[in-house]
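Each chain is listed here by its residues.
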Amino acid sequence: SATRSQMAEGFSQMVSSNFIRKRNFENGMTGNWGGQGNIEDLSSLGPINGMTKAFKWATRNAFEEGNVIDVSPGETYYVEFVVNTFYAKYPVRFGLNTYGPLGENVGFNVMIEVPSGQPTQKVTGTITIPTTGANTPYTKARPLLQINGPNGSDLGYAYVTALAISPNANNSQITQLEKNIN
């Protein structure tokens, strides 16, 4: 059986490939996630993928501020998150907001979408940086949570935790290892 330090070492190696700096919210802090969000204690619902707190936001976009990563056209990323869209009035998305070669925000989002009105669920999938399109090649990106409705309208709100975006297609154990070590 692996010791706690062996598990922690393995976790560090896996998480180093996870681009998300603030993956869960168990410590009650939002990290650099914007969007006027706050942390909600959802322990009354029972553990959600081993976690009891989630980031709640009600604005269109919530970026992980200060977290810009290098990307290349055609790169594929594994995405994993736990989300509750029950109170959202529009679909909820998680993924990357891309930038053009001059650092301009081109507004092209590469994301996984979950319909509104859904109970808490773990979502996994892949996203690929486009090879063609306006302002290509995309060379930079930043993590983005989005309630995909019009700016300034009543979007409702959504909850999210256990966030991961990784270049490794088989990195689905990030959340489980994090839960076991903490």
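Residues numbered from 1 in each chain as written. Predicted model: local features only at pLDDT ≥ 70, side-chain atom pairs only at ≥ 80, totals over all residues. Heavy atoms only, no water.

Right, let's talk about empty space enclosed by the protein for a bit. Take a probe with the size of a water molecule and roll it over the atoms, and the empty space left behind shows itself. One pass over the structure, following the stated rule, counts one cavity of 30 Å³ or more. There is about 40 Å³ of room inside the largest cavity. As for the largest cavity, its lining consists of Leu42, Ile48, Ala54, Val82, Val83, Asn84, Thr120, Tyr159, Val160 and Thr161. Counting residues per element, the ones that place at least two in the lining of the largest cavity are strand S5 (76-84) and strand S10 (158-166). Here the residues of the lining of the largest cavity are counted per class, giving seven nonpolar, three polar and no charged. (1 Å grid on protein atoms, 1.4 Å probe; cavity = no way out; pocket = protein on both sides within 12 Å on 5 of 7 lines; lining within 4 Å. Points joined across faces, edges and corners; volume = space filled by probe spheres on them. Helix = DSSP H or I, 4+ residues; strand = E, 2+ residues; numbered from the N terminus. Nonpolar A, V, L, I, M, F, W, Y, C, P; charged D, E, K, R; others polar.)

In this model, the protein carries a mean pLDDT of 83, and residues with pLDDT of at least 70 account for 80%. Within the model, pLDDT remains below 50 along residues 1-15, and this stretch shows 18 contacts once partners closer than five positions in the same chain are excluded. Note on residues 171-182: pLDDT is under 50 here. Beyond four places in sequence and across chains, it has 34 contacts. (pLDDT = per-residue confidence, 0-100. Contact = heavy atoms within 4.5 Å.)

Membership of the largest hydrophobic core comes to 33 residues, with the highest contact counts inside it found for Phe55, Trp57, Phe81, Phe94, Leu145 and Leu163. When contributions to this core are tallied by element, the ones reaching two or more residues are strand S2 (53-57), S5, strand S6 (92-99), strand S7 (105-114), strand S8 (121-128), strand S9 (140-147) and S10. Discounting residues that sit within four places of it in the chain, Phe81 has contacts with Phe94, Ile112, Val114, Gln121, Lys122, Val123, Val160, Thr161, Ala162 and Leu163. With seven residues, the next largest nonpolar core counts Ile48, Met51, Val82 and Tyr159 among its residues. (Core = buried A, V, L, I, M, F, W, Y, C linked by side-chain atoms within 4.5 Å. Buried < 20%, exposed > 50% of the residue type's maximum accessible area, 1.4 Å probe, protein only.)

This next bit is on the pairing of S6. The buried fraction of S6 is high, at eight of eight residues. Here S6 pairs with S9 via eight bridges, running antiparallel. Each bridged residue has a counterpart across the sheet, and for Gly95 the counterpart in S9 is Leu144. (Pairing = 2+ DSSP bridges.)

Within the secondary structure, Asn18 sits in the loop between helix H1 (4-15) and strand S1 (38-41). Residue class for Asn18 comes out buried when judged on its relative accessible area of 5%. A distance of 3.1 Å separates a polar side-chain atom of Asn18 from the backbone nitrogen of Ile20. In terms of polar contacts, Asn18 uses its side chain to reach the backbone carbonyl oxygen of Leu163, at 3.4 Å. (Polar contact = N/O pair within 3.5 Å; in protein donor to acceptor, adjacent residues only side chain to side chain.)

With that settled, the discussion passes to the packing of aromatic side chains. According to the stated counting rule, one finds eight aromatic pairs in the structure shown. Their ring planes at 45° and their centres at 6.4 Å tell us that Trp33 and Phe55 sit as a pair that is tilted. Placement of the pair is Trp33 in the loop between H1 and S1 and Phe55 in strand S2, with a sequence separation of 22 residues. Geometrically, the ring pair formed by Tyr157 and Tyr159 is edge-to-face, given 5.7 Å between the ring centres and 85° between the ring planes. Note on Tyr157: relative accessible area 24%, which makes it partly exposed. Classification of Tyr159 as buried rests on a relative accessible area of 11%. Grouping aromatic residues by their ring pairs yields a cluster made of Phe25, Trp33, Phe55 and Trp57. Over the face of the ring belonging to Tyr157 we find Lys56, whose NZ or CZ atom lies 4.1 Å from the ring centre. (Phe/Tyr/Trp six-rings, centres within 6.5 Å; stacked < 30°, edge-to-face > 60°. Lys NZ or Arg CZ within 6 Å of the ring centre and 35° of its normal.)

For Ala141, the position within the fold is in strand S9. In the structure, Ala141 is positioned 36 residues away from Asn105 in sequence and 8.8 Å away in space, judged by C-alpha atoms. If near-sequence neighbours (up to four positions away) are discounted, Ala141 is found in contact with Asn67, Val68, Ile69, Val71, Leu96, Asn97, Thr98 and Tyr99.

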